[in-house]
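Examination of the molecular architecture
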Amino acid sequence: MTARSTLGALAVGLLLGSFSLGVMGADPLQALSSIFLGSFASAYGFGETVTKAIPLMLAGTGLALAFRGRLWNIGAEGQLLAGAVAATGAALSLKDLLPGFLMVPALFAAGAAGGAAWGLLAGWLKTRFQVNEVIGSLMLNYIAAEAVQYLIYGPWKGATQFGFPYTDNFCAAATLPVIAGTRVHAPTLAVALAAAGGAFWALRRMRFGFEVRALGGNPEAARYAGIDPARTALILMALSGGLAGLAGAGEAAGIHHHLTYPWAVSSGYGYSAIIVAWVAGLNPLLVVPSALFLGGILVGGDAIQTSMGLPASAISLFNGILLLSLMGGEFFARRRPQRSPSPLAGEGRDGGPGHK
Amino acid sequence: MKHLELRGIRKEFGGVPANDGIDLSVRSGEIAALLGENGAGKTTLMNILYGLYRPDAGEILVDGRPAAIRSPKDAIRLGIGMVHQHFLLIGRHTAAENVALGLEGVPFVRPERWAARRMEEFAARYGLRVRPEAPVWLLSAGQQQRLELIKALIRGARLLILDEPTSVLTDAEADELFAVLRRMTAEGMSVIFITHKLEEVMRLSHAITVLRRGRVAGTASTAETTPEALASLMTGLEPVAPAARAQRAPGPEVLRVEGLTVAGDMGVPAVSELAFSVRSGEVLGVAGVSGNGQSELAEALTGLRRPERGSIRISGTEAAGRDCRALRALGVRHVPEERPRFGVVGDMSVAENAVLTRYHEPPFCRRGMLDAAEMRRRAESLIACYGIRPPSPEARAGTLSGGNIQKLILGREADGKPALIVAVHPTYGLDVGATEFVRERLLEKRAEGAAVLLISEDLEEVLRLSDRVAVMFEGRFLDVRENRGLDRRELMLLMGGGQPA
């Protein structure tokens, strides 16, 4: 999909999305402008936008990688939660064991491992039992959310939280520093930017990236080239799950400082990251602006909720329309150049080799 | 009375005529065979008749009246039905649901019940028996074909076009099909039967039209012709081009295959108990009509398909069941069929495609890192040696023409000192210049000592390049002969599964 068709689809999506806000009784233009003014025009709003863009960047980078290899991982939400759980486990169990300066690296490592394991589970189901990864990874999202609830109401329920279903707060060394006056947890932002850059570079310059692009571009030619699709799928699931897991670690250690309700840990970042990856045209570098854009819509969505009295689901609807237009744009961009009289018509010559 | 008449049909693709002045007529109650090699224009002609293509010139008469056929809908309205080589059925739906799908006049509620009743009628009338409630994916190829026939008949077809109908059938299923067709024509329906199997033509048809290179090479009444005469018409009896091969004594044995059995996609053996060998500096040409196990043989030899049984030795090393990287390491190279589908990744650059089968080895890859400069150098040298256009390593491979893609693949595969080159339909669809180029490169590799297994439907190509010729039919080699004084007609007979006189 070219940059032009992406932008075109984006414009159509914004138009239809604001129209849908109009149907709900808001002035569409005013709604659009308050979304973007709310999220980009003030220091506070922009800080919030960046805060929300951090998990979107990490998960979006992972999804861009997976989608490039034609692996439809819809499970970033669950992988993010698994990462948050693993990071929380590390923070709570290691607090008296590790020197403080090792705490943050340990959290991120645990988060990445947790997300990767959750991703690998879907990958294993796919490669071992031919469970479609869309179904497998999606269902694992629900399991992850229920598992988080079980932990915070059950074994991990904090003694110091006045009965709230949270784990105990992380110790200071396991809490991520923020940029003053914002909630932007800087270490995670740095990791996210590095991940996007690294993924971009890996796709172009690493052997594994070559294999992913070959497999995504033409699975049959990839097989002919000796690329093992199952192995590549497993690595991709681990990578994209691991990146989502890093996002989960960042949310737990940077925002909440404990494990809390699954919908509070993530608020749908794993799903929004799908849109982030598509808006970026599956290019990891472009995931950075794309995550800021989507983060802005999420923040702006909160803003129009309060200022224009629209329901919270209005912005989900808006996002859904955006994703649909992007997918639709992709579809039309692919279809337009072919002008054959009929899909049955063949190549204009007799049967020929391979037409068994 | 003439049921169908085609007059002077012409159709060009990109300036190349696929059909040129074709006349064809079919009488009511007649089975007319349309015979010809691949690329002769049979399928194009039938696609015109079914409204999938518009002819550039010529007219079509149905029941003596000029007919404008602009779409399959028009064809169906005129009582023309087509059964494609590839069935157009929905696997998860039942037979009756497939029949009801897209049909006008079916009841809105439970259309499949109505379809099932109609299917009973056809079963009684023509012996076309398919269980209406059976899901299509459970049906055999023969049953699926019967379902396609029912679909055509229920839409009121009185003239049926069957494109290579027996290619997917067992012998018993083919016999059943022939019986059904005879019953239909006894009721005044007509059939056009496309094939290149001479034996079937002789058994089934009343009249035969032979196409060659887009023109009618001749017509005959089945009762008054012989398979030999038809083979001559198909091949045109042009003198075989003098072999450009330099005579040289072949070297040691490179490939030895014994008892090789390979399953096709449907699980039935596509290659059965095959045994042969190819020596260094030798081209073994495998002639035969596509679908007789050639693809499966090539895939087994190159590690893309695991054989069921048997042995594949490459220079003495047992290689059956190894993956394609292991075989590549033994010196096996593969020029695959259906180039754009298997040979290149269209979205990747020429440079990346130039190393598609070697990207993981030095100098292109060290410790997991690709060396773009090395890849580029490789592509530049291929572009220079093979005259690939456009001469840009950065161009997306998908933008190259078929000939240039094949040059790229051939350059990539022939590079270095391959022990065995498996080339499948290497010049299919290429223009004359590119064809010559590809053939010369293969002979060059032979001269350098490579063993070449050439799988091709193009008899002229096989005869020109091969030291020995095998004819493959239904998973076996009917004969392996020295390429000296071979009779094209006899080979053509063998390709069609006939026995030489």
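These notes cover the structure that comes with them. What you see is a predicted model; the values in this text were computed from it and never measured.

Here helix 4 (residues 76-94) of chain A spans 26 Å end to end across 19 residues, near enough to the 27 Å set by a 1.5 Å rise per residue. When you tally the buried positions in helix 4 of chain A, you get 15 out of 19 residues, the bulk of the element.

Here we come to the pattern of salt bridges. Tallied over the entire structure, the rule returns 48 salt bridges over all chains. Of the charged contacts, one joins A:Lys126 and A:Glu133 as a salt bridge, the two residues approaching to 2.9 Å between their closest N and O atoms. Looking at A:Lys126, the relative accessible area reads 28%, which means it is partly exposed. Salt-bridge contacts for B:Arg110 lead to B:Glu112; the nearest nitrogen and oxygen are separated by 2.9 Å. Taking relative accessible area as the criterion, B:Arg110 reaches 43% and is therefore assigned partly exposed.

Tallied over the full model, the rule gives 15 aromatic pairs over all chains. Residues A:Phe67 and A:Trp278 carry aromatic rings whose centres are separated by 5.9 Å and whose planes lie at 25° to one another, so their mutual orientation is stacked. Here A:Trp278 lies in helix 12 (residues 269-279) and A:Phe67 lies in helix 3 (residues 43-68), a separation of 211 residues in the sequence. A single burial state applies to A:Phe67 and to A:Trp278, both of which are buried. With a centroid separation of 5.2 Å and an interplanar angle of 85°, the aromatic rings of A:Trp124 and A:Phe129 are classed as edge-to-face. We classify A:Trp124 as partly exposed; its relative accessible area is 43%. One aromatic cluster is present, built from ring pairs that chain together A:Phe36, A:Phe40, A:Phe46 and A:Phe293. Cation over ring: B:Lys407 sits above B:Phe437, and NZ or CZ is 5.2 Å from the ring centre. It is B:Arg441 that lies over the ring of B:Phe437; its NZ or CZ is 4.5 Å from the centre.

So, on to the side chain of B:Thr94. All names here are of chain B. Position of threonine 94 among the secondary structure elements: in the loop between strand 6 (80-83) and helix 3 (95-100). Residue classification places threonine 94 among the buried positions, given a relative accessible area of 18%. Setting aside residues no more than four positions away along its own chain, threonine 94 makes contact with Pro132, Glu133, Ala134, Pro135 and Val136.

Turning our attention to the side chain of A:Ser290. Inspection of the secondary structure assignment puts A:Ser290 in helix 13 (residues 284-308). If we ignore the near neighbours within four places in the chain, the residues touching A:Ser290 are A:Val276, A:Val279 and A:Ala280.

Moving on, we come to the interface of chain B and chain A. Each partner contributes residues to the interface: chain B has 53 residues there, and chain A has 33 residues. Between chain B and chain A, a total of about 3800 Å² is buried, with carbon and sulfur atoms accounting for 56% of that surface. When the buried surface of chain B facing chain A is broken down by residue, B:Tyr359, B:Leu370 and B:Tyr428 rank first, second and third, together holding 16% of it. Across the chain B-chain A interface, the total number found is one salt bridge. In this structure, B:Glu352 and A:Arg213 form a salt bridge, with 2.6 Å as the shortest nitrogen-oxygen distance.

Let's shift gears to unusual backbone geometry. Residues and elements named next belong to chain B. Proline 363 follows proline 362 through a cis peptide bond whose omega is 0°. Within the element layout of this structure, proline 363 appears in the loop between helix 12 (350-354) and strand 17 (365-366). In this chain, arginine 389 is followed by proline 390 through a cis amide linkage whose omega measures -5°. You can see proline 390 is positioned in the loop between helix 13 (372-386) and helix 14 (402-414).

Turning to the environment of B:Arg412, a few remarks are in order. As for its placement among the helices and strands, B:Arg412 is situated in helix 14. For B:Arg412, a relative accessible area of 3% puts it in the buried group. Spatially, the C-alpha atoms of B:Arg412 and B:Leu382 are 7.6 Å apart, while their sequence positions differ by 30 residues. When sequence neighbours within four positions are dropped, the list of residues in contact with B:Arg412 reads A:Tyr224, B:Gly343, B:Asn353, B:Ala354, B:Val355, B:Leu356, B:Thr357 and B:Leu382. A distance of 3.1 Å separates a polar atom in the side chain of B:Arg412 from a polar atom in the side chain of A:Tyr224.

As a further point, take empty space enclosed by the protein. Residues and elements named next belong to chain B. A complete count under the given rule lists three cavities of 30 Å³ or more for this structure. If you add up the space inside the largest cavity, you get close to 80 Å³. If you go around the largest cavity, the residues you meet are Gly127, Leu128, Gly142, Gln145, Arg146, Leu149, Glu173, Glu176, Leu177 and Val180. Within the residue set of the lining of the largest cavity, elements represented by two or more residues are helix 5 (141-154) and helix 6 (171-186). A breakdown of the residues in the lining of the largest cavity according to their chemical character gives four nonpolar, three polar and three charged.

All right, on to the nonpolar core then. By size, the foremost hydrophobic cluster in this structure holds 92 residues, and its most contacted members are A:Leu21, A:Met57, A:Phe67 and A:Phe318. The leading source of residues in this core is helix 3 of chain A, at 12 residues. Excluding residues that lie within four positions of it along the chain, A:Phe318 makes contacts with A:Leu14, A:Gly17, A:Ser18, A:Leu21, A:Leu32, A:Ile35 and A:Ile297. Counting residues in each nonpolar core, the second largest holds 40 residues, with B:Val99, B:Leu139, B:Ile150 and B:Ala152 among its members.

Moving on: the sheet that holds strand 16 (residues 332-335) of chain B. Residues and elements named next belong to chain B. Here six strands make up an open sheet; going across it, the order is 16-19-20-13-21-22 and the pairing mixed. Two strands lie at the open edges of the sheet, namely strand 16 and strand 22 (476-482), each paired on one side alone. Recorded for the sheet is a direction-independent mean angle of 15° between the axes of neighbouring strands. Both strand 13 (residues 283-287) and strand 21 (residues 468-473) contribute to a ladder of four bridges, which runs parallel. Counted as the bridge partner of glycine 285 is valine 469 from strand 21. Along the sheet, helix 9 (residues 294-301) makes contact with strand 16, strand 19 (420-424), strand 20 (451-456), strand 21 and strand 22, crossing strand 20 at roughly 155°.

With that out of the way, let us pick up the packing of helix 2 (residues 28-40) of chain A against helix 3 of chain A. All names here are of chain A. Orientation of helix 2 relative to helix 3, taken along the N-to-C sense of each, is 90°, at an axis distance of 5 Å. When the axes of helix 2 and helix 3 are compared, the pair comes out roughly perpendicular. Along the contact surface, helix 2 presents Gly38, Ser39 and Phe40, while helix 3 presents Gly45, Phe46 and Thr49. For the contact of helix 2 with helix 3, the residue count by class is two nonpolar, four polar and no charged.

Definitions and limits used
- Residues numbered from 1 in each chain as written.
- Chains lettered and ligands numbered in written order.
- Predicted model: local features only at pLDDT ≥ 70, side-chain atom pairs only at ≥ 80, totals over all residues.
- Heavy atoms only, no water.
- Helix = DSSP H or I, 4+ residues; strand = E, 2+ residues; numbered from the N terminus.
- Expected span 1.5 Å × (residues − 1).
- Buried < 20%, exposed > 50% of the residue type's maximum accessible area, 1.4 Å probe, protein only.
- Salt bridge = Lys/Arg side-chain N within 4 Å of Asp/Glu carboxyl O.
- Phe/Tyr/Trp six-rings, centres within 6.5 Å; stacked < 30°, edge-to-face > 60°.
- Lys NZ or Arg CZ within 6 Å of the ring centre and 35° of its normal.
- Contact = heavy atoms within 4.5 Å.
- Buried area = accessible area lost by both parts, 1.4 Å probe.
- Polar contact = N/O pair within 3.5 Å; in protein donor to acceptor, adjacent residues only side chain to side chain.
- 1 Å grid on protein atoms, 1.4 Å probe; cavity = no way out; pocket = protein on both sides within 12 Å on 5 of 7 lines; lining within 4 Å.
- Points joined across faces, edges and corners; volume = space filled by probe spheres on them.
- Nonpolar A, V, L, I, M, F, W, Y, C, P; charged D, E, K, R; others polar.
- Core = buried A, V, L, I, M, F, W, Y, C linked by side-chain atoms within 4.5 Å.
- Pairing = 2+ DSSP bridges.
- Axes fitted to C-alpha atoms, helices over the stretch in contact; angles between N-to-C directions.
- Parallel < 35°, antiparallel > 145°, perpendicular 65-115°, else oblique.

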